[in-house]
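# Observations on the model geometry
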Amino acid sequence: MPKGKIIKALSGFYYVLSEGQLIQCRGRGVFRKNKITPLVGDEVVFQAENETDGYILEVNERKNELVRPPIANVDQAILVFSSVEPDFSTALLDRFLVLIEYNRIDPVICITKMDLASSEEVEKMKEYAAQYEAVGYPVILTSSETEAGIEQLLPYLKDKISVFAGQSGVGKSSLLNVIRPDLDLKTNEISASLGRGKHTTRHVELISIGDGLVADTPGFSSLEFLEIEGEDLNYCFPEIEKTSENCKFRGCLHLSEPKCAVKEAVENNQIPTYRYEHYKDFLQEIRDRKPKY
């Protein structure tokens, strides 16, 4: 049986890319019976007599799955944050990073609008970039106007399913326009071709961009930590997780425990204070949601 990847779902049809051909398929009735819904990004087994009359027979196991948009097997999230207009926010970035880490998706941080930043702001962005790179996150400083940093970004897209995530107005559409001008996305609006246009049918579609497949989306139904438990948070801050191996107490939450290696690392400037403060804020948020913590 042929295999392929679902790259678009619309009105009960699934469009499967297989060996360069796009096959229109329906899901088998057994999927509804077993409450299995094929998702964009799924690797599937199908049968088809022609390009418009196929049936999905089997959905392979997923490595991850997002709720908004409904998409599976995402390789990475390109976190798009502007240096200015709106101002760069480490708190919001860290919130995105925690959610992405929890979903086992690799993040790439892309800071846009560097051409609008003052010399002082440029230096600040470089400082932040160095701090996040020290954690292990790739950071790319870009400008859609000057096209600076675009060549650095392209290799990350190659042969991967990516979601572009970030708050409104940071320049996601402008960035995608530079990479693939024929998309002609309107800035501050979302193209209907990417499934979120005004007065259009909402659908999910992976677009071929930069030798990879991209969905332009926030990627999460909310930015709240609805599924994350208190003990999970440690693993969503890689530098805290690594440093916590040296804490005296197993299960240390790095708050008031004695001989905490994480607090010591913060005091010695080995972990940025703002990262630790965000960890504590997020932990309190989780505790407030779940009193048992």
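These figures come from a predicted structure and were not determined experimentally.

What counts and what doesn't
Residues numbered from 1 in each chain as written. Predicted model: local features only at pLDDT ≥ 70, side-chain atom pairs only at ≥ 80, totals over all residues. Heavy atoms only, no water. Helix = DSSP H or I, 4+ residues; strand = E, 2+ residues; numbered from the N terminus. Contact = heavy atoms within 4.5 Å. Areas by Shrake-Rupley, 256 points an atom, 1.4 Å probe, with all protein chains shown as cover. Lys, Arg positive; Asp, Glu negative; His and termini not counted. Charge placed at Lys NZ, Arg CZ, Asp CG, Glu CD. Buried < 20%, exposed > 50% of the residue type's maximum accessible area, 1.4 Å probe, protein only. Polar contact = N/O pair within 3.5 Å; in protein donor to acceptor, adjacent residues only side chain to side chain. Core = buried A, V, L, I, M, F, W, Y, C linked by side-chain atoms within 4.5 Å. Domains from an automatic or database assignment. Salt bridge = Lys/Arg side-chain N within 4 Å of Asp/Glu carboxyl O. UniProt positions renumbered as here; feature names shortened; annotations may be inferred. Buried area = accessible area lost by both parts, 1.4 Å probe.

What the protein chain contains, in helices and strands, is eight helices and 14 strands. For the protein chain, the spread of C-alpha atoms along the three principal axes comes to 65 × 45 × 30 Å. By sequence separation, contacts in the protein chain at least 24 residues apart represent 65% of the contacts at least 6 residues apart. By element, 45% of the accessible surface of the protein chain is carried by carbon and sulfur atoms, the whole surface being about 15400 Å². Side-chain charges of the protein chain comprise 35 positive and 46 negative groups, with the mean position of each set lying 7 Å from the other.

Looking at the element boundaries, Ser 143 is found in the loop between β10 (139-141) and α4 (150-157). Residue Ser 143 is classed as buried on the basis of its relative accessible area of 2%. Polar contacts involving the side chain of Ser 143 include one to the side chain of Asp 115, which spans 2.8 Å. Reaching out from Ser 143, the side chain makes a polar contact with the backbone nitrogen of Glu 145 at a distance of 3.2 Å. Sequence-distant contacts of Ser 143, defined by excluding residues within four places in its chain, comprise Lys 113, Met 114, Asp 115 and Ala 148.

Attention now goes to the nonpolar core. One finds Ile 56, Ile 71, Leu 79, Leu 93, Ile 109, Tyr 132 and Leu 206 to be the most contacted residues of the largest nonpolar core, which totals 45 residues. The dominant element in this core, judged by the number of residues it contributes, is helix α3 (residues 119-135), at six residues. Of the residues that make up this core, three or more belong to each of domain 1 (3-60) and domain 2 (66-216). Excluding residues within four positions of it along the chain, Leu 206 makes contact with Ile 6, Ile 7, Val 40, Gly 41, Ile 71, Ile 161, Leu 213, Val 214 and Ala 215. Val 98, Cys 260, Ile 271 and Tyr 279 belong to the second-largest nonpolar core, a separate cluster that totals 21 residues.

This structure, assessed with the given rule, holds 12 salt bridges. A salt bridge links Glu 123 to Lys 126; the nearest nitrogen and oxygen atoms lie 4.0 Å apart. Residue Glu 123 and its partner Lys 126 are both found in helix α3; the two are separated by three residues, about one turn of the helix. Across the pair Lys 124 and Glu 127 runs a salt bridge, and its minimum N-O distance is 3.9 Å. Pair noted here: Lys 124 and Glu 127 are both in helix α3, with a separation of three residues, about one helical turn.

Using the residue numbers shown here, the UniProt feature "binding site: Zn(2+)" (unreviewed entry) corresponds to Cys 247, Cys 252, His 254 and Cys 260. By the secondary structure assignment, Cys 247 is in the loop between α6 (238-243) and α7 (261-267). Classification of Cys 247 by relative accessible area gives buried; the value is 10%. Residues contacting Cys 247, with those up to four places away along its chain left out, are Cys 252, His 254, Lys 259, Cys 260, Ala 261 and Val 262. Judged by relative accessible area, Cys 252 falls into the buried class, the value being 10%. What Cys 252 contacts, discounting residues up to four positions off in sequence, is Cys 247, Glu 257 and Cys 260.

Moving on, we get to the domain arrangement of the protein chain. Reports of interface size often rely on the accessible area that becomes lost once the parts have come together. Per the domain assignment, the segments making up the protein chain are domain 1 (3-60), domain 2 (66-216) and domain 3 (230-288). Computed from C-alpha atoms alone, the centre-to-centre distance between domain 2 and domain 3 is 28 Å. Taken together, the contacts link 13 residues of domain 2 with 12 residues of domain 3. Interface area, domain 2 with domain 3, both sides summed: about 1100 Å², of which 62% is carbon and sulfur. Summed over the shared surface of domain 2 and domain 3, the result is two salt bridges.

A few words on unusual backbone geometry. Following Glu 85, the chain continues to Pro 86 via a peptide bond in cis, the omega torsion being 0°. When you line up the elements, Pro 86 lands in the loop between β8 (76-82) and α2 (90-102).

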